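# Tertiary structure, described
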Amino acid sequence: MVLIHQLPPKPPYLRVKVWRRLQSLGAVPLKNSVYALPNTEACREDFEWLLREIHKEGGDASLCEARLIDGLSDDDVRATFRHAREEDYRVLAREVRDFVHTSLGARRTLTAEQRALAGSAIDRFRKRLAELSRVDFFEAPGREAVEGLLGGLAERASGPDAASAVRAWQRVDVQGRTWVTRKGIHIDRIASAWLIRRFIDPAASFKFVPAKAYRPAHGEVRFDMFEAEFTHQGDLCTFEVLLRAFRLGDPGLDRLAAVVHDIDLKDAKFSPAEASGIDHLVAGIASLHADDEARLADGRVLFDALYEYFRKRK
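A brief look at the structure comes next. (Residues numbered from 1 in each chain as written. Predicted model: local features only at pLDDT ≥ 70, side-chain atom pairs only at ≥ 80, totals over all residues. Heavy atoms only, no water.)

Of regular secondary structure, the chain possesses ten helices and seven strands. With respect to the principal axes defined by its C-alpha atoms, the chain has extents near 65 × 55 × 40 Å. Sorting the 314 residues of the chain into buried and exposed places 44% on the buried side. In the chain, 71% of the contacts between residues at least 6 apart in sequence involve partners at least 24 apart. Accessible area of the chain: about 16400 Å², with a carbon and sulfur share of 52%. Charged side chains of the chain number 49 positive and 48 negative; the gap between the two group centres comes to 3 Å. (Helix = DSSP H or I, 4+ residues; strand = E, 2+ residues; numbered from the N terminus. Buried < 20%, exposed > 50% of the residue type's maximum accessible area, 1.4 Å probe, protein only. Contact = heavy atoms within 4.5 Å. Areas by Shrake-Rupley, 256 points an atom, 1.4 Å probe, with all protein chains shown as cover. Lys, Arg positive; Asp, Glu negative; His and termini not counted. Charge placed at Lys NZ, Arg CZ, Asp CG, Glu CD.)

Pairing is antiparallel across the open sheet formed by four strands, whose spatial order is 2-3-1-4. The two strands at the open ends of the sheet, each matched to only one other strand, are strand 2 (28-31) and strand 4 (60-64). Put simply, the sheet's adjacent strands are angled 25 degrees from each other on average, direction ignored. The strands touched by helix 2 (residues 41-56) within the sheet are strand 1 (2-6), strand 3 (34-36) and strand 4, with strand 4 carrying the most contacts at an inclination of about 160 degrees. (Pairing = 2+ DSSP bridges. Axes fitted to C-alpha atoms, helices over the stretch in contact; angles between N-to-C directions.)

With that settled, the discussion passes to the packing of helix 9 (residues 275-288) against helix 10 (residues 292-312). Contact geometry for helix 9 and helix 10: axes closest at 9 Å, N-to-C directions at 160 degrees. The orientation of helix 9 with respect to helix 10, classified from their angle, is roughly antiparallel. Our pair here, helix 9 against helix 10, has a crossing hand that is right-handed. Where helix 9 approaches helix 10, its residues Ile278, Leu281, Val282, Ile285 and Ala286 are matched on the opposing element by Arg295, Asp298, Gly299, Leu302, Leu306 and Phe310. (Parallel < 35°, antiparallel > 145°, perpendicular 65-115°, else oblique. Left-handed = near helix turned anticlockwise from the far one by under 90°.)

Now for the packing of aromatic side chains. Applying the stated criterion across every chain yields a total of 14 aromatic pairs. Ring geometry for phenylalanine 199 and tyrosine 307: centres 5.4 Å apart, planes at 80 degrees, overall edge-to-face. Of this pair, phenylalanine 199 sits in helix 6 (residues 187-200) while tyrosine 307 sits in helix 10, and the two are 108 residues apart along the sequence. Residues phenylalanine 199 and tyrosine 307 agree in their burial class; the two are buried. What links up through ring pairs into an aromatic cluster is the set Trp169, Trp179, Phe206, Phe223, Phe230 and Phe246. Over the ring of tryptophan 49 we find arginine 52, and its NZ or CZ is 5.0 Å from the ring centre. Above the plane of the ring of phenylalanine 226 lies arginine 143, whose end atom (NZ or CZ) is 4.6 Å from the centre. (Phe/Tyr/Trp six-rings, centres within 6.5 Å; stacked < 30°, edge-to-face > 60°. Lys NZ or Arg CZ within 6 Å of the ring centre and 35° of its normal.)

To continue, consider empty space enclosed by the protein. Tallied over the entire structure, the rule returns one cavity of 30 Å³ or more. What the largest cavity holds in volume is close to 100 Å³. Its residues placed into classes, the lining of the largest cavity shows four nonpolar, no polar and six charged. (1 Å grid on protein atoms, 1.4 Å probe; cavity = no way out; pocket = protein on both sides within 12 Å on 5 of 7 lines; lining within 4 Å. Points joined across faces, edges and corners; volume = space filled by probe spheres on them. Nonpolar A, V, L, I, M, F, W, Y, C, P; charged D, E, K, R; others polar.)

What follows covers the pairing of strand 2. Both strand 2 and strand 3 contribute to a ladder of three bridges, which runs antiparallel. Paired with lysine 31 across the bridge in strand 3 is valine 34. Linkage of strand 2 to strand 3, two consecutive antiparallel strands, is achieved through a turn of two residues, within which serine 33 is found at a positive phi near 65 degrees.

The next subject is helix 1 (residues 13-25). Taking 1.5 Å of rise per residue, the 13 residues of helix 1 would be expected to cover 18 Å, and the 19 Å separating its terminal C-alpha atoms lies within 8% of that figure. Taken together, the buried positions of helix 1 are Leu14, Val18, Leu22 and Leu25. In a view along the axis of helix 1, the buried residues occupy a sector of 70 degrees, so they form one face of it. (Expected span 1.5 Å × (residues − 1). Arc of directions from axis to C-beta.)

Our focus in this paragraph is the layout of surface pockets. What the largest pocket holds in volume is close to 1300 Å³. Around the largest pocket sit 43 residues that line it, and Arg82, Glu86, Pro141, Gly184 and His186 are the ones nearest its centre. Of all the elements in the fold, those that place two or more residues in the lining of the largest pocket are helix 3 (74-104), helix 5 (143-158), helix 6, helix 8 (251-265), helix 9 and helix 10. With twelve residues, helix 3 is the single largest residue contributor to the lining of the largest pocket. The class makeup of the residues in the lining of the largest pocket is 15 nonpolar, seven polar and 21 charged.

Have a look at this one:
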């Protein structure tokens, strides 16, 4: 659905008001004064309310159902939505990290004042996350990272830090299970699936599902998705959580984890020299294949080679 609008020069606040309203709805710009939302009943109602506001202020606006024929494709528009929400998640994750650094510091044991401050911040950040999730129409990456940071912050405010709180699992606990994750796998999910098959369960099968409101069936175990058994925890990506949960670790896996972490979280925590090139390779795999099984197959070759390289590197 497309909203096309033209605003009068006065009142001057109107342009800012409309822009903020479009941002809150999760609309993305296609051209100047041309904004898109998915064609759903809820989004239609949101646009209709905004259209009335524009008309009330003396502006002009039209609401259209659009079918893209040339130029931008539907995939391009969906990618625009994902990129916008991914950037929003990235900004929120940065704000959480900045809060932890500036307000809590490196101390593991927090004072009563710091715990109260953390509690207020968690409520504020979770409200922001809920607002972003509401307008995350096409399951952008980044939500799990924010959820992990907030979970780690909550654990730190009440006890041990997230890194030491990763639950220990035995490999026998997950043999013969179906591993479930979000569709559209990328760096963390590809690397985690490779790790599962290579080091945890060679016979593992995978299932790719929509991220929202999925209910696991008997015998399924989830990774890198909301409320998963294995997902972001604190400042750890899913690959790192799996390493800790199954007590896996050697120089090759540790170096590979640093690469996956920096590409997935984009926080430059480890800054390995190889991260940029591997990021481009994984992006290329995603561009070549819309099918997740195909991405997994190419990713398996890539991570087998990377592991051998990192394992033998001095």
